[in-house]
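Each chain is listed here by its residues.
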Amino acid sequence: MTPRSAPQDHAPERRSFEPAVFWLALAAFVVWTIAVTTGWAERTVDTWLPASSVPPRSYLGQVLESFSLVTSPIFVTVVTAALAARSYRRRQRHLAVALGVAALGMPLAQILRLAIDRPRPETAFADSLSAAGPSYPSGHVLAVTILVWVLVTVANAQRLSVASRVRVRVLGGALIFFTCVDQWAIGAVRLSDMVGGALFGMVLASAALWISGIERNDLPWRSRRAAARSGKRAAVVYNPTKVLEFDQFRRRVGAAMDDAGWEPPVWLETEVDDPGYGMARDALAKGVDLVLVAGGDGTVRAVCQELAGSGVPVAIIPAGTGNLLGRNLGVPLDEDAALEVALTGAPQPVDMIRWSAGGKDATFAVMAGVGLDAQIMRDTDPRLKKVVKGGAYVVAGFRQVGTEPFKARIRVDGRMIHAGSAIMALVGNVGKLQGGVTLLPEAQAADGRLHVLVARPRGVRGWMRLVGTLGQDGPGSPMLRVAGTRVEAELDREVPFQIDGDTEGSTRSFSAEVLPEALLVMVPPRAD
C-alpha cells in the first residue's frame, strides 16, 4: 500500500557539540584546579577582590545569609530532582534524564571538594551553614550555574516564546552574578573558588546534555530556524484527560511542525462519547497528510480503525499508560523523540484485525480477548492506575487467581484447536505487553496472520506455571498458541471481553480475521 502523501522528508543532520563543550569545560576546570592547588591562583587572582566588611548581624548581613541558603547546593539539588520527576511524568524522558544527571552531579562536586580540601578564608560568617566545609569549587556558584541551565533547558523544552526565553537567560545570568556577589560579601569563598564552581557547573551541564541526548531540541544556546514550507499538514487527535499541560504540548507540537516545514496542524479533541472515531474522519475529510494521536490505547485504536485503508499514516505520541501499539513498533516513549519519528520516520504497513463479539464489530491493531485479561481490565482501579501506572494491572491480576474457568470451542482457519476449559482466549496482532512481557513471541505487526492464545491452568500449580510461562511455549505449558488468518470461538456462558485494554461487555462467542497491511504507522527509520 502506498500512502497518499508519505511524510518521509528527513530533517537535516545536526552536529552534536556537547562532547566538545564537555571536554573543553573539563580541560579548563582541570587546568584551573591545578592553578588553585599549586597556590598560583591564591597569589594572583584572589588578590583582585578586596575583603568584605559586612557585619553578620546587620540587616544587610542577614539578607545576604538568607540569599545564600536559597542558592545552596542542597536546595538546588532538591529543586532539580523535583523537576526531573515532573518531566518524567510528562513524557519528557530525555529532559528528565538530563535533569537527573545534573542533580546527581552536585553530590559528586561535594566529593570533589572533600578530596581537594581547600580551607575557607577567614570570615565573620564562619558560623553560617554557607561557610561549612571546603571552599573549592564553590558549591553555591556551581549550584546556581546548574539551576540556570535547568531553567533555560525547561524553558526551551516548553517551547516558550523567544522573548520569554531571553528573559529566562537574562534573569539566570543575574542570578549567577548576585550569587557571586553574595558569596564574596559573606567571605565564604575566594574568587578562584567561584571560577572553579562556574567551570565545574559547565562540565556537569554539558555532560547532562550529552548523556541524555536532549541537545537536538533543547539547547539553551542554539536557536533553530524553521525549514522551508513543504505544504504538508497534519491533524492532531488528542484526549484531554491524557495529555498533561495541553498548552505546553500544543507549543511543542507546533514548534516541531514549524521546524520540519509543515503547515500549522489541525487540532481535534476527543469527547466523552467519542474516543476518536469522529475526529479521525474529520481529519480525513480535511485532506491531511498525517494524523498524530495522543491518548490512551482506546484513542489510538479508534483513530487507527478509521484510518485503516485510507493510505494516510498515523503517528503515535505517547500519552496513556499502556501505549501498546507504539511499544511494539519501537515508537519512543519520550514525547519529543516520538514527535521526531512522526515527522521524519518511515510509514510502515501494519495488519489490523476485524473483531466481532457480543453484537459489536470493531477493528484493532493490538489485542482483544475474553476471560482473564478482560476481567483484569474491568477490575483495575483507575485511581490506583494514576499513581502506580502499570502496577495497577498487577494488583487487579492477583485478584483473579482461582477464577472460575469457562468452556470454549475454538477453531483457527476451520481447524479445532481447543475444546475444553479455559480462563482466557486472546487474539493478537502484536505480542509485547508492558514490563517487557512477550505474550505472543511469534507475532509480528505485518506478518499477515492473527495469533491466538488460550490459557488453561488447572489448580494452584497450574496458575503458578501460567505466571511462570507467560512468554514461553513447550510441553506441559498451560498456554496454547496458534497462528492463522481467521478464528471462531463458542463459549458455554457469558464471558467479559476487551479490545486493546478497554472492556467492551460480555459475549458467548467471538470471531476475528486479519486485514493484511491495512494501516500505515510512522516508525523510526531503519539504520542503513
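The paragraphs below set out a description of the structure included in this document. (Residues numbered from 1 in each chain as written. Predicted model: local features only at pLDDT ≥ 70, side-chain atom pairs only at ≥ 80, totals over all residues. Heavy atoms only, no water.)

### Describing the pairing of strand β12 (residues 479–484)
Of all 6 residues in β12, 5 are buried; the element is thus mostly enclosed. Pairing between strand β11 (residues 450–455) and β12: 6 bridges, direction antiparallel. Residue pairing for β12: Val452 is matched across the bridge by Val482. (Buried < 20%, exposed > 50% of the residue type's maximum accessible area, 1.4 Å probe, protein only. Helix = DSSP H or I, 4+ residues; strand = E, 2+ residues; numbered from the N terminus. Pairing = 2+ DSSP bridges.)

### Overview of helix α10 (residues 246–259)
A rise of 1.5 Å per residue sets the reference length of α10, with its 14 residues, at 20 Å; its end C-alpha atoms lie 20 Å apart and thus fit the reference within 8%. Considered for burial, the residues of α10 that qualify are Gln248, Phe249, Arg252, Val253, Ala256, Met257 and Asp259. One side of α10 carries all its buried residues, which in axial view fall inside an arc of 165 degrees. Those residues of α10 hidden inside the fold are in contact with α6 (139–157), β1 (234–238), β2 (266–269), β3 (290–295), β4 (314–318) and α14 (335–344). Phi for Gly261, located one or two positions after α10, is positive at around 85 degrees. (Expected span 1.5 Å × (residues − 1). Arc of directions from axis to C-beta. Contact = heavy atoms within 4.5 Å.)

### Observations regarding the packing of aromatic side chains
Going through the model one piece at a time under the given rule, you end up with 13 aromatic pairs. For the ring pair Phe22 and Trp210, a centre distance of 5.6 Å and an interplane angle of 55 degrees mean the geometry is tilted. Here Trp210 lies in helix α8 (residues 191–212) and Phe22 lies in helix α1 (residues 18–37), a separation of 188 residues in the sequence. Each ring, one from Trp23 and one from Trp210, has its centre 6.3 Å from the other, and the planes form 70 degrees; the classification is edge-to-face. You can see Trp23 sitting in helix α1 and its partner Trp210 sitting in helix α8, a full 187 residues away along the chain. Its relative accessible area of 35% is what places Trp210 among the partly exposed residues. Connected via pairs of aromatic rings, a cluster forms that spans Tyr238, Phe246, Phe249 and Trp267. (Phe/Tyr/Trp six-rings, centres within 6.5 Å; stacked < 30°, edge-to-face > 60°.)

So far we have only geometry, and geometry alone does not tell us how the molecule works.
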